[in-house]
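What the coordinates show
Take a look at the letters that make up each chain.
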Amino acid sequence: MSSFTKSAQQWATFARSWYLIDARMQPPGKIATMCAIRLQGKHKPIYHALSDVGDHVVVMNSRHIAFSGNKWEQKMYSSHTQYPGGFKQVTATQLHSKDPKAIVKLAVYGMLPRNLSRRTMMQRLHLFPEDDLPEDILLNLTEELPQPREIPRRLNEYSQEEREAFPTLWTPLPQTFK
Amino acid sequence: MAARCVLGSIWTSLSGVKSMASSSNMSVFQSITNYPQLSVFGIIQSRGIRQVVEKKEGKTTIIEGLTQDTLAGPQPPNPTAQCPIYQWNLQNKYNYTDVLLLSQFIRSDGGMLPRRVTGLCAQEHRKIAICVQMAHRAGLLPDHKPPLPEGHVPKKPKPQLNRYLTRWSIDSVKPIYRAGLKWCKNRISVGHPALRNNVQYGKKILYLKH
């Protein structure tokens with residue numbers, strides 16, 4: 001903007017922001033795409049791969065992510081210890097019970113570009129299993145990003161008026177009660 | 001809701017009088033059917049839900065079935081259809097998240113009501129059953145769990161994992177050990193193919209394999 005000083009405009013363009021994402025009831029893949037875009041800096045018009053314009057992203061409630069389908073039982077995470085016979089495969093359930101941050105971390109790691117800046121970008125990703133964040137991170141946060149998936153309401157979360165306003169589709173015939 | 005309570009009270013009165021009628025050798029109890037209500041001509045003078053009333057005049061007992069006016073609830077836009085879903089034009093429009101709709105077809109312990117009671121056609125009954133299963137697995141029907149026997153102690157604490165659009169039952173699924181390469185990946189099924197014809201209001205198409 002023309003009314004700002006040059007130094008203020010420089011600061012506003014190149015400052016590193018801190019974003020917050022709540023991963024409760026969200027698919028970890030969609031959370032990871034949002035994180036990866038912001039860690040690289042692709043959401044900025046001044047993006048360049050060599051310019052290190054990525055921001056910090058804080059993901060909270062990573063213990064409460066939701067997988068669609070039967071991915072908790074079917075999705076496998078593989079690793080190799082480099083020793084013979086060291087190929088290990090773990091289901092998403094087992095991995096999540098061992099480390100609640102691992103699923104989101106691996107998802108983001110796989111979505112970042114395969115170069116040396118990937119490790120620095122992962123250092124700027126902060127994962128927390130629950131919603132209790134440390135003070136210094138809370139002070140740095142600038143914006144909370146909207147959740148990618150709309151959480152459906154449970155039956156007991158509907159009020160009595162809403163339940164009554166919904167029409168009854170069928171009426172029971174007296175003779176069918178036996 | 002209110003209509004069902006009224007019908008329940010009618011049924012108790014009918015059942016009480018049915019035993020009396022059978023004892024007095026008078027078959028007054030007629031078969032009762034719901035009749036279509038045309039809003040143009042008003043209520044057709046045909047069979048409806050009746051309340052049995054007994055009157056005693058000296059030595060004669062008169063047992064009469066008085067036609068009960070049905071409650072003026074919201075009428076379906078297509079009353080000539082066979083299935084309640086088609087009567088309300090909801091075919092291909094509901095999903096596992098529409099708990100208010102699904103809760104009308106389930107028992108208190110979470111099971112589906114039989115087709116001969118609800119009046120659903122076969123395909124819609126199956127689709128509703130699939131959506132109810134998915135809603136149970138997503139935890140959207142917390143008050144419709146089956147009652148556990150008293151003194152039941154769970155052996156291991158089950159991991160509380162959030163899930164949605166689960167097609168298969170949790171214990172029946174095996175892990176995919178060899179997923180394959182990107183061009184020939186062994187995909188994970190999501191949702192159910194019975195709901196393939198559902199209306200998509202955005203530009204995104206429905207993916208059944210992730």
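This text gives an overview of the structure that appears in the document. (Residues numbered from 1 in each chain as written. Chains lettered and ligands numbered in written order. Predicted model: local features only at pLDDT ≥ 70, side-chain atom pairs only at ≥ 80, totals over all residues. Heavy atoms only, no water.)

Let's talk about the overall build of chain B
Selection criterion: We count a stretch as a helix when DSSP gives it H or I for four or more residues in a row; a strand needs E for two or more, and each element gets its number in order from the N terminus. Throughout, exposure labels follow a simple rule: accessible area from a 1.4 Å probe, protein chains only, divided by the maximum for the residue type, with under 20% read as buried, over 50% as exposed, and the rest as partly exposed. The contact rule is simple, with two residues in contact once any of their heavy atoms fall within 4.5 Å. Only the protein chains shown count as cover for residues, and all accessible areas are computed by the Shrake-Rupley method using a 1.4 Å probe.
Helix and strand content of chain B: five helices and three strands. For chain B, the succession of helices and strands along the chain, N to C, is α-β-β-α-α-α-α-β. Classification of the 210 residues of chain B by burial places 31% in the buried group. In chain B, the share of contacts with a sequence separation of at least 24, taken over all contacts with a separation of at least 6, comes to 47%. As displayed, chain B offers around 14,400 Å² of accessible surface, 56% of which is attributable to carbon and sulfur atoms.

Re the environment of B:L165
Note that B:L165 resides in the segment after β3 (162-164). Sequence spacing of B:L165 and B:M134 is 31 residues, and the spatial spacing of their C-alpha atoms is 5.7 Å. Beyond its immediate stretch of four places on either side in the chain, B:L165 contacts A:G69, B:Y96, B:M134, B:V190 and B:G191.

A few points about the packing of aromatic side chains
Heads up, the rule is: Note on aromatic pairs: the rings of Phe, Tyr and Trp (six-membered ring only in Trp) are paired at centre separations within 6.5 Å, and the planes decide the class, stacked below 30 degrees, edge-to-face beyond 60, tilted for the rest. Here, over-ring charges are defined by two tests on the NZ atom of lysine or the CZ atom of arginine: distance to the ring centre within 6 Å, and angle to the ring normal within 35 degrees.
For the structure shown, the criterion picks out two aromatic pairs over all chains. Here the aromatic rings of A:F67 and A:W72 are separated by 4.9 Å at their centres, their planes lie at 85 degrees, and the arrangement is edge-to-face. Summarising the aromatic geometry, the rings of A:W170 and B:F105 are spaced 6.4 Å apart at their centres and angled 15 degrees between planes, so their arrangement reads as stacked. Of this pair, A:W170 sits in the segment after α8 (160-165) while B:F105 sits in the loop between α3 (99-102) and α4 (115-118), each in a different chain. We note A:R38 situated over the ring of A:Y19; from NZ or CZ to the ring centre the distance is 5.7 Å. Its end group placed over the ring of A:Y109, A:R118 keeps NZ or CZ at 3.9 Å from the ring centre.

A few points about the packing of helix α2 (residues 28-40) of chain A against helix α5 (residues 102-111) of chain A
All names here are of chain A. For clarity, the threshold we go by: Each axis is a line fitted through C-alpha atoms, taken for helices only over the stretch in contact, and angles between the N-to-C directions span 0 to 180 degrees. Put simply, angles under 35 degrees are roughly parallel, angles over 145 are roughly antiparallel, angles from 65 to 115 are roughly perpendicular, and the rest are oblique. When the near helix sits turned anticlockwise from the far one by under a right angle, the crossing is termed left-handed; a clockwise turn instead gives a right-handed crossing. Note on residue classes: Ala, Val, Leu, Ile, Met, Phe, Trp, Tyr, Cys and Pro are nonpolar, Asp, Glu, Lys and Arg are charged, and everything else, Gly too, is polar.
Two numbers describe how α2 lies on α5: the axes approach to 8 Å, and their chain directions differ by 50 degrees. Judged on the interaxial angle alone, α5 and α2 are oblique. As α2 runs across α5, the sense of the crossing is right-handed. Where α2 abuts α5, its residues P28, G29, I31, A32, T33, C35, A36 and L39 lie against I103, V104, A107, V108 and M111. Split into classes, the residues belonging to the contact of α2 with α5 amount to 11 nonpolar, two polar and no charged.

So, unusual backbone geometry
The phi dihedral of A:Q82 falls on the positive side, at around 75 degrees, and the residue is not glycine. Mapping A:Q82 onto the fold places it in the loop between β4 (76-80) and β5 (87-91). Classification of A:Q82 by relative accessible area gives exposed; the value is 74%. Of note, the phi angle at B:L165 is positive, near 55 degrees, even though the residue is not glycine.

Observations regarding the interface of chain B and chain A
Put simply, the rule is: Buried area is a sum: the accessible area each of two parts loses on coming together, probed at 1.4 Å, counted once for each and added. Just to be clear on terms, a salt bridge is a Lys or Arg side-chain nitrogen sitting within 4 Å of an Asp or Glu carboxyl oxygen. What qualifies as a polar contact is a pair of N or O atoms within 3.5 Å, subject to a donor-acceptor requirement within protein and to the restriction that residues adjacent in sequence count only when both atoms come from side chains. Any two strands are treated as partners once DSSP identifies two or more bridges connecting them.
Facing the 51 residues of chain B at the interface are 40 residues of chain A. Between chain B and chain A, the buried area comes to about 4,300 Å², and carbon and sulfur atoms account for 65% of it. Area buried by chain B at its contact with chain A is led by B:L100, B:N162 and B:Y164, which between them contribute 18% of it. Along the contact surface separating chain B from chain A lie one salt bridge. One can count 17 residue pairs in polar contact (both at pLDDT 80 or more) joining chain B with chain A. Elements supplying a minimum of two residues to the side of chain B that touches chain A: α1 (2-23), α2 (84-87), α3, α4 and β3 of chain B. As defined by bridge partners, strand β3 (residues 66-68) of chain A adjoins β3(B) across three bridges and the pair is classed as parallel. For A:F67, the partnering residue across the bridge sits in β3(B) and is B:R163.

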